[in-house]
Amino acid sequence: MKELVEVIAKALVDHPEEVVVTETEDEHTIVLNLQVAQDDMGKVIGKQGRIAKAIRTVVKSAASKDEKKVVVDIMQ
């Protein structure tokens, strides 16, 4: 999951070298924290959060084979 979010985010931003994804996993949940450059924040979130919602949808679909909930947080 971590690699998937990283690839998507790097394709969207102007500063792909500043994309950092950290993964925290427990028994029922995987939390992915996505950090990008301040200038790229709007590109990752999109108008009315559409890009962020699309990223979450793709990750959720990819994680459907695992029986865990996946949360993607976009951090500053």
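Everything below is about the structure printed above this text.
Residues numbered from 1 in each chain as written. Predicted model: local features only at pLDDT ≥ 70, side-chain atom pairs only at ≥ 80, totals over all residues. Heavy atoms only, no water.

### Considering helix H3 (residues 50–62)
Between the first and last C-alpha of H3 there are 18 Å, a value that for 13 residues agrees with the 18 Å anticipated at 1.5 Å per step. All of the buried residues along H3 are Ala52, Ile55 and Val59. One face of H3 carries all of its buried residues, which in axial projection span an arc of 60°. The outward face of H3, more than 90 degrees from its buried face, is lined by the exposed residues Arg50, Lys53 and Lys60. Where the residues of H3 are buried, they touch helix H1 (2–12), strand S2 (29–35), helix H2 (41–45) and strand S3 (69–75). (Helix = DSSP H or I, 4+ residues; strand = E, 2+ residues; numbered from the N terminus. Expected span 1.5 Å × (residues − 1). Buried < 20%, exposed > 50% of the residue type's maximum accessible area, 1.4 Å probe, protein only. Arc of directions from axis to C-beta. Contact = heavy atoms within 4.5 Å.)

### Regarding the nonpolar core
Judged by nonpolar contacts, the single largest core of 16 residues is most densely connected at Val5, Val19, Leu32, Leu34, Val36 and Val59. Contributions of two or more residues to this core are made by H1, S2, H2, H3 and S3. Here this core takes 3 residues from S2, the largest share from any one element. Once residues lying within four places of it in the same chain are set aside, the contact partners of Val5 are Val21, Leu32, Leu34, Val59 and Val72. (Core = buried A, V, L, I, M, F, W, Y, C linked by side-chain atoms within 4.5 Å.)

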